[in-house]
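Analysis of the macromolecular model
This is what each chain is made of:
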Amino acid sequence: MAEDEVGTVVSTLEGPTTIAFSFVILSSKVRKGQFVKVPSPSGFVLASVTEITRANRYFERAESVAEYERNLPLSQSFPTGEWEYSVANARVHGVFEGENIARSTFPVAPGSKVVIAEDALLKKFLLLDDNGLNLGHLQHHSLPAKISMGRLLQKHLAILAMSGSGKSYFTSVLIEELLDRKASDGRMAVVVLDSHGEYVGFKSTQYSKSTNVVGAKKFRIAFRKITPQMLAEWAPEMSSTQMRELAPIMEALRKESKEKHEAYTLEDLIARVETEMADKKKDNVKRPLLAWLSELRSLRLFGATDVPKLEEVISPGMLTVFDLSEIDHAKKKQLIVSYLCRRLFKLRKKEKIPPFALVVEEAHNYAPEKAEKRHALAKGPITTIAREGRKFGACLCLISQRPVQLATTALAQCNTNIILRITNPFDIDHVGESCEGIDKAMLDSITTLRVGEALFVGEAVGSPVFVKIRKRKTTFSAKGKDLELIARKFEEDNAKKKEDVEAFL
Ligand SMILES: Nc1ncnc2c1ncn2[C@@H]1O[C@H](COP(=O)(O)OP(=O)(O)OP(=O)(O)O)[C@@H](O)[C@H]1O
Ligand SMILES: [Mg+2]
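Criteria and thresholds
- Residues numbered from 1 in each chain as written.
- Chains lettered and ligands numbered in written order.
- Predicted model: local features only at pLDDT ≥ 70, side-chain atom pairs only at ≥ 80, totals over all residues.
- Heavy atoms only, no water.
- 1 Å grid on protein atoms, 1.4 Å probe; cavity = no way out; pocket = protein on both sides within 12 Å on 5 of 7 lines; lining within 4 Å.
- Points joined across faces, edges and corners; volume = space filled by probe spheres on them.
- Nonpolar A, V, L, I, M, F, W, Y, C, P; charged D, E, K, R; others polar.
- Near = heavy atom within 4 Å.
- Polar contact = N/O pair within 3.5 Å; in protein donor to acceptor, adjacent residues only side chain to side chain.
- Areas by Shrake-Rupley, 256 points an atom, 1.4 Å probe, with all protein chains shown as cover.
- Helix = DSSP H or I, 4+ residues; strand = E, 2+ residues; numbered from the N terminus.
- Patch = residues over 30% accessible without salt bridge, like charges linked within 9 Å, V, L, I, M, F, W, Y side chains within 5 Å.
- Salt bridge = Lys/Arg side-chain N within 4 Å of Asp/Glu carboxyl O.
- Lys, Arg positive; Asp, Glu negative; His and termini not counted.
- Charge placed at Lys NZ, Arg CZ, Asp CG, Glu CD.
- Donors = N, O, S within 2.8 Å, 3.2 Å for Na, K, Ca; no water.
- Buried < 20%, exposed > 50% of the residue type's maximum accessible area, 1.4 Å probe, protein only.
- Pairing = 2+ DSSP bridges.

**A closer look at empty space enclosed by the protein**
A water-sized probe, rolled over the atoms, reveals where empty space remains. Applying the stated criterion across every chain, the model contains 1 cavity of 30 Å³ or more. The volume enclosed by the largest cavity comes to roughly 30 Å³. Lining the largest cavity are Thr17, Thr18, Phe21, Val45, Val92, Ser104, Phe106, Pro107 and Val108. Split by residue class, the lining of the largest cavity holds 6 nonpolar, 3 polar and no charged.

**Points about the site of ligand 1**
Not every one of the 15 residues close to ligand 1 is listed here, only the nearest: Ser163, Gly164, Lys167, Ser168 and Tyr169. A distance of 2.7 Å separates an oxygen atom of ligand 1 from a polar atom in the side chain of Lys167. Side-chain polar atom of Ser168 to an oxygen atom of ligand 1: 2.8 Å apart, as the coordinates give it. When ligand 1 is considered free in solution it has 630 Å² of accessible area, and contact with the protein chains removes 73% of it. Ranked by the residues each element gives to the shell around ligand 1, the list is headed by helix H5 (residues 167-180), at 3 residues. In terms of residue class, the shell around ligand 1 is made up of 4 nonpolar, 7 polar and 4 charged.

**Some points on a positive patch on the surface**
A cluster of basic residues, Arg224, Lys309, Lys346, Lys350 and Lys352, forms a positive patch on the protein surface. With respect to the helices, strands and loops of the structure, Lys350 is situated in the loop between helix H11 (330-349) and strand S16 (356-360).

**A short note on the coordination of the magnesium ion (ligand 2)**
The protein atoms that coordinate the magnesium ion (ligand 2) are Ser168 (OG) and Glu198 (OE), at distances spanning 2.0 to 2.7 Å. Within this pair, whereas Ser168 is found in helix H5, its partner Glu198 is found in the loop between strand S11 (189-194) and strand S12 (211-215), the two being separated by 30 residues in sequence. Of the two residues, Ser168 and Glu198, neither departs from the other in class, the shared state being buried.

**A few points about the pairing of strand S3 (residues 35-40)**
For S3, the buried fraction is high: 5 of the 6 residues fall into the buried class. Both S3 and strand S4 (residues 43-56) contribute to a ladder of 6 bridges, which runs antiparallel. Bridge pairing links Ser40 to Gly43 in S4. Hairpin connection from S3 to S4: 2 residues lie between these consecutive antiparallel strands.

Put into structure tokens, the structure is as follows:
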């Protein structure tokens, strides 16, 4: 047997066919998910191992095994070890004819020798790129998973997995790679809508100079940039009559402020509604309008100018983290996300900011598939970027632990899916339906993935492939994640307060 041979193709009831074959394993090197190749008349067939079965004639009949083993282990009476064999099932990806890969149109021959596919071949087949983002390595091969940035982020990306399986960890690895890129290779800006403060720690690492953290409490929206249409979207509970009354008042304020070169605020609008609708007959419209505008004011979100000015913080090779973990008010979070998505896309269309990757953690909360409009205020702007963003270099990275609840319109636009461990059957089915090129065996494998193992599917890779995500270069834990640390800090703070009080007395 040649050194690199790992098996021989066998004839079974099901094959070999043009799409699958089985081979008897002759080397302990073969593993599920590994890529192998088999010579064919026009070149060779590239395939990957989908499952492995072990068999032994001596142990086929439960009754006999039980009977024999009552006295002595079967292996001591018979040469059982010599009869053991393993069979691998392989899925065909295509035929390499010289440099080109073609669809397989004729099965491999039974008896053909199977060898492990070499790295150079896989690199070509999986469209890996030496200048790409180094996200880990291919499972069971030593090949680094260097994925082309263009292929990964030209369109959109979805990172799907159950809680705790490594979505945020993977995203941090991706961010490190994007921040490490040389300007000559083309750099994007990275913007993170960080629901749980998981990326704030970048500020205390070697990337501190390339990181801006925007605390949501400091964040302000310039009220003059809000159009009546945006307000109507944010207030689905208001009637069209109410919003119709508001539009001319806003328009008048806008004109005046332009003439005076002075921004108008939410307070100005509230005062103007009071005076313009002083007529008692308008009370029915005025009261709910004022109640709603006051509720908006209580969010402390609107001001005269944007804080920060997005054009100033979003730049190539820079990470901007919007820390939403400080906000408890769900509606405020929705409004921030809605405004940011809309504004970022607008600025990008005008080329005022560089191409960007917008990471949306907990995307199912902001772009839910099924939810009342008032709980999905950011769904419109997110789906707009999903539909139109790629033409302008506006890329979404949607992260979700509940793919079923994520808007299908947005998910369907994600040309690459990175799937880590998922066990919920509804989510698995949903992933199967929304990702092209994923088969039943792969879906089954998703349930058994370990933390940090991922299936890459879609445009970024030539064919679905399992990747072991690399270790992070940075070490920081998510804000508020380390329980021991929080507990210690709580006690220390309390002790300090007590000391201060005693010192004061
Ligand atoms: N590739 C990896 N290598 C080493 N450790 C990892 C890897 N991926 C994840 N982990 C560890 O697993 C834990 C969970 O990871 P992470 O926080 O990224 O999960 P998550 O999917 O974002 O969860 P959640 O949905 O709760 O936000 C972390 O402690 C992280 O350090
Ligand atoms: Mg996370």
